[in-house]
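Working through the structure, step by step
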Amino acid sequence: MTDIRLLTPQDQPRLENFLRAHVAETMILRGNLAHGGIQDGTQPYQGHYAGAFEGGRIIGVAAHYWQGMLAVFAPGHAGAVAKAAVSNRAVAGILGPWQQALDAQEALALDDRYRTLRSKEVLMALNLGDLRQPTPLPNQALTCRLATPADLELLTEWRIAFTKETLGGTPSQATAEHCRAEVERWVAEGSQFLLLDGAHAVAGCCFNARLPDAVQVGNVWTPPQFRSRRYGRAVVAGALASARSEGASLAILFTPTDHEAAKTAYAALGFTAIGDYAILLFKQ
């Protein structure tokens, strides 16, 4: 018999064990848990957690986070666990394996009319021992480094552009403030990377989940004027080389199933497709 209930801090060791057995699908859950614990609140990484149990074992989880995003990994129980996890905040979006995310949307009665993004993604993984560094094109002098506070204005502009182009965001003061807060957090945590060609910043990426054993790549952005020069793959490769040097052995990312250029670039680094994923976003 399956029992579904809210999780407490006492459940954290069992939850960590469950998530470690499903690393590729649960990097957001793992990363947020490591930073915020099982604690609901308004601070980054905090969330309202619910789990499905069988025989005392956790077999599924969902968490509704401080900024409204709901992350789910609960095979066979996604809808019920999602309903249990939702707090008094609005659901800004759902992340998780494709069918589980759709099951959660249905269970929460989130009408498609209010959805701003429905992106089916391909989930990709790379053993960092197999990372293939790209060869720079002629006349490129590439350097990948961690971003610093001096880069915040540029990176905020890029994040706003990324949000508009890839996530369907609408330009507004609130969007700009949200984007700046994200970038400030990534820079402060040492998770935001910048690629330079000579003295010019040409691409960026971040780790949106980072643990000692694994990282998840996100926010990969090359401004339109610098595209088709392999800068995107170069900044990802540089970030992953840094993670590998610090002991990580696995990298995860997801990209839209119809984004052939991105899939080709990641495959060139050694990534392989291992499943599907969903990004569902809703009007607030």
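Residues numbered from 1 in each chain as written. Predicted model: local features only at pLDDT ≥ 70, side-chain atom pairs only at ≥ 80, totals over all residues. Heavy atoms only, no water.

**Quick notes on the overall build of the protein**
- What the protein contains, in helices and strands, is eight helices and twelve strands.
- Relative to its length of 284 residues, the protein is compact, with a C-alpha radius of gyration of 19 Å against a globular reference of 19 Å.
- Judged by the C-alpha coordinates and their principal axes, the protein covers about 65 × 40 × 35 Å.
- Every one of the 284 residues in the protein was classed for burial, and the buried ones make up 53%.
- In the structure as shown, the protein presents an accessible area of about 12800 Å², 52% of it carried by carbon and sulfur atoms.
- If you average the places of the 25 positive and of the 26 negative side-chain charges in the protein, the two averages end up 3 Å apart. (Helix = DSSP H or I, 4+ residues; strand = E, 2+ residues; numbered from the N terminus. Rg over C-alpha atoms; globule rule 2.2 N^0.38 Å. Buried < 20%, exposed > 50% of the residue type's maximum accessible area, 1.4 Å probe, protein only. Areas by Shrake-Rupley, 256 points an atom, 1.4 Å probe, with all protein chains shown as cover. Lys, Arg positive; Asp, Glu negative; His and termini not counted. Charge placed at Lys NZ, Arg CZ, Asp CG, Glu CD.)

**Examining the packing of helix 1 (residues 12–20) against helix 2 (residues 27–36)**
- Running from N to C, helix 1 and helix 2 point in directions that differ by 150 degrees, and their axes come no closer than 10 Å. In terms of orientation, helix 1 and helix 2 fall into the roughly antiparallel class. For helix 1 against helix 2, the interelement crossing comes out left-handed. In contact with Gln12, Leu15, Glu16, Leu19 and Arg20 of helix 1, helix 2 contributes Leu29, Arg30 and Leu33.
- Of the residues contributing to the contact of helix 1 with helix 2, the split by class is four nonpolar, one polar and three charged. (Axes fitted to C-alpha atoms, helices over the stretch in contact; angles between N-to-C directions. Parallel < 35°, antiparallel > 145°, perpendicular 65-115°, else oblique. Left-handed = near helix turned anticlockwise from the far one by under 90°. Contact = heavy atoms within 4.5 Å. Nonpolar A, V, L, I, M, F, W, Y, C, P; charged D, E, K, R; others polar.)

**Brief notes about the packing of aromatic side chains**
- Applying the stated rule across the entire model yields nine aromatic pairs.
- When the ring of Tyr49 is compared with that of Tyr65, the centres are 5.9 Å apart and the planes differ by 85 degrees; the resulting orientation is edge-to-face. A residue pair is termed long-range when its members are at least 10 positions apart, and Tyr49 in strand 2 (residues 47–54) and Tyr65 in strand 3 (residues 57–65) qualify at 16 residues. Taken as a pair, Tyr49 and Tyr65 share a single burial class, namely buried.
- Where Tyr266 meets Phe271, the ring centres are 6.1 Å apart and the plane angle is 65 degrees; that geometry is what we call edge-to-face. Judged on exposure class, the residue Tyr266 and its partner Phe271 are both buried.
- Across the ring face of Trp221, the terminal group of Arg227 is positioned such that the distance to the ring centre comes to 4.8 Å. (Phe/Tyr/Trp six-rings, centres within 6.5 Å; stacked < 30°, edge-to-face > 60°. Lys NZ or Arg CZ within 6 Å of the ring centre and 35° of its normal.)

**Let's talk about helix 3 (residues 78–85)**
- Taken as a whole, helix 3 has its buried residues at Ala78, Gly79, Val81, Ala82 and Ala85. In an axial view of helix 3, the angular spread of the buried residues amounts to 170 degrees, which keeps them on one side of the axis.
- Here the buried face of helix 3 lies against strand 1 (3–6), strand 2, strand 3, strand 4 (69–73) and helix 4 (98–107). (Arc of directions from axis to C-beta.)

**Looking at the pattern of salt bridges**
- Summed over the entire model, instances satisfying the criterion amount to twelve salt bridges.
- A salt bridge links Arg14 to Asp11; the nearest nitrogen and oxygen atoms lie 2.9 Å apart.
- For Arg14, a relative accessible area of 36% translates into the label partly exposed.
- With a relative accessible area of 3%, Asp11 lands in the buried category.
- For Glu260, the salt bridge goes to Lys263, with nearest N and O atoms at 3.2 Å. With Glu260 and Lys263 both in helix 8 (residues 260–269) and three residues apart, the pair spans about one turn of that helix.
- Overall, Lys263 belongs to the partly exposed group, its relative accessible area being 22%.
- One salt-bridge network, in which partners are shared between bridges, spans Arg5, Asp11 and Arg14. (Salt bridge = Lys/Arg side-chain N within 4 Å of Asp/Glu carboxyl O.)

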